[in-house]
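# Residue-level structure breakdown
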Amino acid sequence: MILAANLKTNHTRASAASYLDEVSDFIAKKEIADQIVVFPPATALCPSREKITIGAQNAWSVENGSFTGEIGSDQLDEFDVKTILIGHSERRHILGEGLDIIKRKFDFFASLEYEIFFCIGEPIEIKEAGFEAVMTYVERQLDGIDLSYPSLVLAYEPVWAIGSGKAATSDDILSVHSAIKHICDKPLLYGGSVKKENAGNILSLEGVDGALIGTASWQSDRFCEIIDIAKKIEKPKE
Ligand code: 13P
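Residues numbered from 1 in each chain as written. Predicted model: local features only at pLDDT ≥ 70, side-chain atom pairs only at ≥ 80, totals over all residues. Heavy atoms only, no water.

### Concerning the environment of Ile-2
To keep it simple, the criterion reads: Where helices and strands are cited, they refer to DSSP runs of H or I of at least four residues and of E of at least two residues respectively, numbered from the N terminus. To sort residues, take the accessible area from a 1.4 Å probe on protein chains only and compare it with the maximum for the residue type: under 20% means buried, over 50% means exposed, and anything in between is partly exposed. Should any heavy atoms of two residues lie within 4.5 Å, those residues are counted as being in contact.
With respect to the helices, strands and loops of the structure, Ile-2 is situated in strand β1 (residues 2-6). Here Ile-2 falls in the buried class, since its relative accessible area comes to 8%. On a C-alpha basis, the gap between Ile-2 and Ser-15 in space is 23 Å, while along the polypeptide they are 13 residues apart. Excluding its chain neighbours within four sequence positions, the residues that come into contact with Ile-2 are Gln-35, Val-37, Phe-117, Val-153, Pro-187, Leu-189, Asp-209, Gly-210 and Ala-211.

Written out as structure tokens, the structure is:
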């Protein structure tokens, strides 16, 4: 399983370092075999550790250049970061990244052989229009993305479930994940209000290969609780 922490705009360089020390200690003590990924803010990027992959939450699709406020692959290279989150709903809906920008980022970082965590998911009005509308929306987000890219991890994050405290229901997750798996047979994470109270249930569902966690990952002990829950889940090979 893959357990990924999206720290978003939280933690400083110093607090992220302590956070990583605490998660590292936990992983070592508990002999965790799952893949653990942390996406710190850009100011707290650092090299990956033995059992924790560090990923960038964002970067522009360049090595370097004149893109004020952005970082490119040169800045990521300094930390040997080779994992990136692309298409997160906050970048799509709050920061205005359209399909073109997202595709350009995907193509650029795929050309550099990054591991790409690619987020998809529908806003509430699409959800309310029904399952077919959800799948049409999600398929459009995947349009033009190379779904055979070897280092691709998908994350289904319904926009309405992010930060709301209200995760999608098991039925919703099962049906959307199963449909996405028919389109693209890559590891597929669920994200959106995953917390210790629902992690066991969500991570046990067929078609769920892990979780991308926001709020409940920002304190190391809360993230570790979810890692611990995941460890105890035995899933049949699909
Ligand atoms: P929450 O876990 O806070 O809902 O955030 C999910 C998310 O956006 C992960 O990328």
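Picking up where we left off.
### Description of the pattern of salt bridges
Heads up, the rule is: Salt bridges are identified by distance alone: a Lys or Arg side-chain nitrogen within 4 Å of an Asp or Glu carboxyl oxygen.
Counted under the stated rule, the structure contains 10 salt bridges. For Asp-228, the salt bridge goes to Lys-30, with nearest N and O atoms at 3.5 Å. Remark: Lys-30 occurs in helix α1 (residues 13-30) and Asp-228 occurs in helix α9 (residues 220-231); sequence separation between them is 198 residues. Residue Glu-97 is joined to Arg-91 by a salt bridge in which the shortest nitrogen-to-oxygen separation is 2.6 Å. Take Glu-97 and Arg-91: they sit in the same class, and that class is buried. Each member of the salt-bridge network shares a partner with another, and the members are Lys-30, Asp-228 and Lys-232.

### Structural notes on empty space enclosed by the protein
Any space left empty among the atoms is revealed by the rolling of a water-sized probe across them. Put simply, the rule is: Buried and open spaces are told apart on a 1 Å grid over the protein atoms alone, a cavity being a set of points where a 1.4 Å probe fits but cannot get out and a pocket being an open set with protein on both sides within 12 Å along at least five of seven lines. Residues with an atom within 4 Å of a point are the lining residues. Grid points are joined across faces, edges and corners, and a volume is the space filled by probe spheres set on the points. Here the nonpolar group is Ala, Val, Leu, Ile, Met, Phe, Trp, Tyr, Cys and Pro; Asp, Glu, Lys and Arg are the charged ones; every other residue, Gly included, is treated as polar.
Under the counting rule described, the total for this entry stands at one cavity of 30 Å³ or more. In this structure, the largest cavity occupies an estimated 40 Å³ of space. Taken together, Gly-87, Ser-89, Arg-92, His-93, Cys-119, Ile-120, Gly-121, Gln-141, Glu-157 and Val-159 make up the lining of the largest cavity. Of all the secondary structure elements, the ones that give two or more residues to the lining of the largest cavity are α3 (89-94) and β5 (115-120). Residue classes in the lining of the largest cavity are distributed as three nonpolar, five polar and two charged.

### Some thoughts on the pairing of strand β4 (residues 83-86)
In plain terms, the rule: When DSSP locates at least two bridges between a pair of strands, those strands are taken to pair.
Side chains of β4 alternate between two faces, with Thr-83 and Leu-85 and Ile-84 and Ile-86 buried alike. Relative to β5, β4 is paired through four bridges, and the arrangement is parallel. What sits directly across from Leu-85, in β5, is Phe-117.

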